[in-house]
Amino acid sequence: MNKKLAAALSGGAVLVLALSACSSGSSKDDKLDPWAKQVCDAVQPQVQKIAAANTAIQKETTDQSAPADVQKADSKGFQDISDAYKAMAAAIEKAGPPDVDSGKTKQENAVKELNALSASYADLGKQSDALNTKDQAKFADGLDGVAKQLEKLSKTGTDALKELEAGDVGKAMAKQVSCKSASASASPATTQG
């Protein structure tokens with residue numbers, strides 16, 4: 001019953017890598033470096049928060065865990081992930097558009113995408129909170145539904161983030177220590193499952 005949720009969580013961790021695993025190389029435009037530093041510095045703790053939430057949910061999501069414990073871990077984890085995506089959106093919004101062609105559109109689309117992810121994870125938390133922990137079978141069925149939603153969410157494209165990080169923006173971000181450390185901290189979660 002809980003293996004689906006753990007597997008879906010592993011897929012969800014891939015989303016955080018979109019903001020942190022940028023291509024390497026040097027950017028042609030040094031004006032992007034301060035923007036990239038501001039975004040990476042703000043995003044890095046959020047990536048760590050998402051990785052920690054995924055780990056906490058996976059740890060509690062075993063067949064031996066009591067339904068109430070799973071529900072509590074899911075609720076907190078999904079809320080933490082929701083808050084982290086919201087903070088990422090705010091960081092990109094605060095940084096302003098990168099100095100590239102269509103920078104404003106790319107920034108706005110990425111902010112919109114991150115806010116949508118935040119809302120989706122908040123909704124998963126509400127779904128988890130509503131599960132019946134008194135009845136093991138009903139809880140398992142409900143958890144299966146949450147896992148299916150999470151799996152669908154983990155396959156949701158991060159096209160706007162990829163578009164934002166394309167080309168010189170990605171190169172500028174790849175130079176930032178905080179983006180490199182964010183990628184490293186998120187990577188282990190993607191190998192489980």
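Novice: I'd like a description of helix α3 (residues 67-95), backed by residues and values.
Specialist: Counted at 1.5 Å a residue, the expected span for α3 with its 29 residues is 42 Å, and the 42 Å between its end C-alpha atoms agrees. Of the residues one or two after α3, Gly96 is the one with positive phi, at around 80°.

Novice: Outline helix α2 (residues 32-60), supporting the account with residue identities and numerical values.
Specialist: Here α2 spans 41 Å end to end across 29 residues, near enough to the 42 Å set by a 1.5 Å rise per residue. Maximal helix bending in α2 amounts to about 30°, located at Val43; proline Pro45 follows within four positions.

Novice: Quick one: what's the story with the nonpolar core, residue by residue and with numbers?
Specialist: Grouped together as the largest cluster of nonpolar side chains are 37 residues, with contacts concentrated most on Trp35, Tyr85, Leu114, Tyr121 and Met173. Mapped onto this core, the elements with two or more residues apiece are α2, α3, α4 (103-129), α5 (136-154), α6 (159-164) and α7 (168-174). Here the element with the most residues in this core is α2; it accounts for 10 residues.

Novice: Explain the environment of Gln107 to me, and be specific about the residues and the numbers.
Specialist: Counting through the fold element by element, Gln107 comes out in helix α4. For the pair Gln107 and Ala89, spaced 18 residues apart in the sequence, the C-alpha separation amounts to 9.3 Å. Residues contacting Gln107, with those up to four places away along its chain left out, are Ile92, Glu93, Gly96, Pro97, Pro98 and Leu164. In this structure the side chain of Gln107 is engaged in a polar contact, spanning 3.2 Å, whose partner is the backbone oxygen of Glu93.

Calculation rules
- Residues numbered from 1 in each chain as written.
- Predicted model: local features only at pLDDT ≥ 70, side-chain atom pairs only at ≥ 80, totals over all residues.
- Heavy atoms only, no water.
- Helix = DSSP H or I, 4+ residues; strand = E, 2+ residues; numbered from the N terminus.
- Expected span 1.5 Å × (residues − 1).
- Bend = angle between axes of the 7 residues up to and from the residue.
- Core = buried A, V, L, I, M, F, W, Y, C linked by side-chain atoms within 4.5 Å.
- Buried < 20%, exposed > 50% of the residue type's maximum accessible area, 1.4 Å probe, protein only.
- Contact = heavy atoms within 4.5 Å.
- Polar contact = N/O pair within 3.5 Å; in protein donor to acceptor, adjacent residues only side chain to side chain.

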